[in-house]
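What follows is each chain in one-letter form.
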Amino acid sequence: MNIIQRNFFRLLRAGVFHSEEQIEPMSAWKWKQVLEWARQLNVAPLLYDGVDLCGEQPSMRLTDELREAWRQHTLQANEQLEQAEAEVAELLLTLGRLQLRPILMEPWPTAVLYAHPAHRRKNRVSIYFPFSTQGKKADEWAEANGTGLDSPQKHLLQYEWKGLHVEHRHRMFQLSNKVNNMTLQNIIEQEWLDGGTSHTTIGGQRIETVGPTLYLLVSLLSIIKTTLSEGLALWQMADLGMLLRRQGDQVDFVKLQEWIERLHFGRMAQLSGQVLTGLLGFSADEVPFMPSAPNNSNADSLANDLLGTEGSSGSSRYLRYCPGESLSSLMASITHSLGNVEE
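1. Things to note about the pattern of salt bridges
Move 1: For the coordinates displayed, the defined rule picks out 11 salt bridges.
Move 2: Measuring nitrogen to oxygen at the nearest pair gives 3.0 Å for the salt bridge that ties Glu 68 to Arg 71. Residue Glu 68 and its partner Arg 71 are both found in helix α4 (residues 64–97); the two are separated by 3 residues, about one turn of the helix.
Move 3: Notably, a salt bridge pairs Arg 120 with Asp 239, separated by 2.8 Å at the nearest N-O pair. In this pair, Arg 120 sits in the loop between α5 (108–111) and β2 (124–128) while Asp 239 sits in helix α9 (residues 234–247), placing the two residues 119 residues apart along the sequence.
Move 4: By relative accessible area, Arg 120 is classed as buried at 2%.

2. Here we look at the packing of aromatic side chains
Move 1: Applying the stated criterion to the full structure yields 5 aromatic pairs.
Move 2: Their ring planes at 75° and their centres at 6.0 Å tell us that Phe 8 and Trp 37 sit as a pair that is edge-to-face. A residue pair is termed long-range when its members are at least 10 positions apart, and Phe 8 in helix α1 (residues 3–17) and Trp 37 in helix α2 (residues 28–40) qualify at 29 residues.
Move 3: Residue Phe 8 is classed as buried on the basis of its relative accessible area, which comes to 0%.
Move 4: Among the residues examined, Trp 37 registers a relative accessible area of 8% and is labelled buried.
Move 5: Their ring planes at 50° and their centres at 6.0 Å tell us that Trp 141 and Trp 161 sit as a pair that is tilted. Remark: Trp 161 occurs in strand β4 (residues 156–161) and Trp 141 occurs in helix α6 (residues 132–145); sequence separation between them is 20 residues. No difference in accessibility class separates Trp 141 from Trp 161, as the two residues are buried.
Move 6: One aromatic cluster in this structure is built from Phe 8, Phe 9 and Trp 37.

3. Details of unusual backbone geometry
Move 1: Of the consecutive residues Glu 106 and Pro 107, the connecting peptide bond is found in the cis state with omega at -5°.
Move 2: Relative to the assigned elements, Pro 107 resides in the loop between β1 (103–104) and α5.
Move 3: Although it is not a glycine, Arg 101 adopts a positive phi angle of roughly 50°.
Move 4: Relative to the elements of secondary structure, Arg 101 occurs in the loop between α4 and β1.

4. What about the environment of Val 112?
Move 1: Along the polypeptide, Val 112 turns up in the loop between α5 and β2.
Move 2: A sequence separation of 89 residues divides Val 112 from Thr 201, and the C-alpha atoms of the two residues are 8.2 Å apart.
Move 3: Ignoring anything within four residues of it in the chain, the contact list for Val 112 reads Pro 117, Arg 121, Thr 200, Thr 201 and Ile 202.

5. Details of the packing of α1 against helix α3 (residues 44–54)
Move 1: Relative to each other, α1 and α3 sit at 85°, their axes nearing to 7 Å. In this view, α1 runs roughly perpendicular relative to α3, as classed from their interaxial angle. Packed against α1, whose contacting residues are Phe 8, Leu 11, Leu 12, Ala 14, Gly 15 and Val 16, the element α3 presents Leu 46, Leu 47, Asp 49, Gly 50, Val 51, Leu 53 and Cys 54 at the interface.
Move 2: Residue classes in the contact of α1 with α3 are distributed as 10 nonpolar, 2 polar and 1 charged.

6. Points about the pairing of β2
Move 1: Judged by how many residues are buried, β2 sits mostly within the fold: 5 of 5 residues are covered.
Move 2: Covered by surrounding structure in β2 are Arg 124, Ser 126 and Tyr 128 together with Val 125 and Ile 127, the residues of both alternating faces.
Move 3: Relative to β2, β1 runs antiparallel, the two sharing 2 bridges. Bridging from a neighbouring strand, Leu 104 pairs with Ile 127 of β2.

7. Topic: the confidence of the model for the protein chain
Move 1: Summary statistics for the protein chain give a mean pLDDT of 87 and a share of 93% for residues scoring 70 or more.
Move 2: Counted against residues more than four places away or in other chains, residues 334–343, with its pLDDT under 50, gives 1 contact.

8. A short note on α6
Move 1: A rise of 1.5 Å per residue sets the reference length of α6, with its 14 residues, at 20 Å; its end C-alpha atoms lie 20 Å apart and thus fit the reference within 8%.
Move 2: Along α6, the residues that are buried comprise Gly 135, Ala 138, Asp 139, Trp 141 and Ala 142. Angular distribution of buried residues about the axis of α6 spans 160°; they occupy a single face of the element. Opposite the buried face of α6, at more than 90 degrees from it, the exposed residues are Lys 136, Glu 143 and Ala 144.

9. Quick notes on helix α11 (residues 266–279)
Move 1: Counted at 1.5 Å a residue, the expected span for α11 with its 14 residues is 20 Å, and the 20 Å between its end C-alpha atoms agrees.
Move 2: Of all 14 residues that make up α11, 11 are buried, and the element is covered over most of its length.
Move 3: Every buried residue of α11 is accounted for by Met 268, Ala 269, Gln 270, Leu 271, Ser 272, Gly 273, Gln 274, Val 275, Leu 276, Thr 277 and Leu 279.
Move 4: Where α11 is buried, its residues meet α1, α8 (212–230), α9, α10 (253–263) and α12 (299–307).
Move 5: Following α11 by one or two positions, Gly 281 adopts a phi angle in the positive range, close to 80°.

What counts and how
Residues numbered from 1 in each chain as written. Predicted model: local features only at pLDDT ≥ 70, side-chain atom pairs only at ≥ 80, totals over all residues. Heavy atoms only, no water. Salt bridge = Lys/Arg side-chain N within 4 Å of Asp/Glu carboxyl O. Helix = DSSP H or I, 4+ residues; strand = E, 2+ residues; numbered from the N terminus. Buried < 20%, exposed > 50% of the residue type's maximum accessible area, 1.4 Å probe, protein only. Phe/Tyr/Trp six-rings, centres within 6.5 Å; stacked < 30°, edge-to-face > 60°. Contact = heavy atoms within 4.5 Å. Axes fitted to C-alpha atoms, helices over the stretch in contact; angles between N-to-C directions. Parallel < 35°, antiparallel > 145°, perpendicular 65-115°, else oblique. Nonpolar A, V, L, I, M, F, W, Y, C, P; charged D, E, K, R; others polar. Pairing = 2+ DSSP bridges. pLDDT = per-residue confidence, 0-100. Expected span 1.5 Å × (residues − 1). Arc of directions from axis to C-beta.

Shown next, in the form of structure tokens:
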């Protein structure tokens, strides 16, 4: 990795995990490149937390102009997301009063684990309805109260409500591969019957969420979905690391490893582990879901892909890590495209 990349990941580790990092001196132009990457990858406030932590080091030669630009970007994000928190709380309270049992999904249960939750939240919310009757009533409520309704796939409704982008999920997660998807739905159903729920606090309200072990599985599956379609996403890796650091002691890793094997995505789990150990400062012991010891020899290549810099190859190079899901996703995409052409 070059010096710009090294300092980028050092600031990210400091900002997210509060680790002690030694920053190397750089020119103003190189620091502007760090800020530009951070903005493009939706992690600028997290890196600004790292700037705050490492700001007294003599090597942190940020100009007053650049530091202020970074601060203003972070303050603007804070204002938008603090307003979104109040709206999410109101939405969950409204749906709860209707006895619809809304289960809060991404990104809020992860965001609240950060030291500055507003630095990670997005102006969107995903809600899971485990029972079809309540889910149908929730969709009817959305049709009456939301705008821009869209159903891009089965078991999913999207709409806008008071500035929030809201998703109603009638399946917690879906895989394109039919066999693996059936296995996943059985896993979710059994875990739900076993009481696989938890709670968090949003806007002063106690909100029901998915239990830590199942939530970690869904997070890993979300990483697969994004990686196969868009390439590695840095914010997802930061979230995964935060889940492990803050809730790892609540996760049943024996059960999680069994699920990974049943769903056949061990290679992608290994890849996620390599990002954590090679770039985000994790030890192998902190990533017990990896099927084998980490091999971080390709850390430079992973850094290029995460930052979208020279030598990266997007999502195509990762298709081999989960071939069954890759092929199924491709066929589903082709079918959807043909359907649109016919319309």
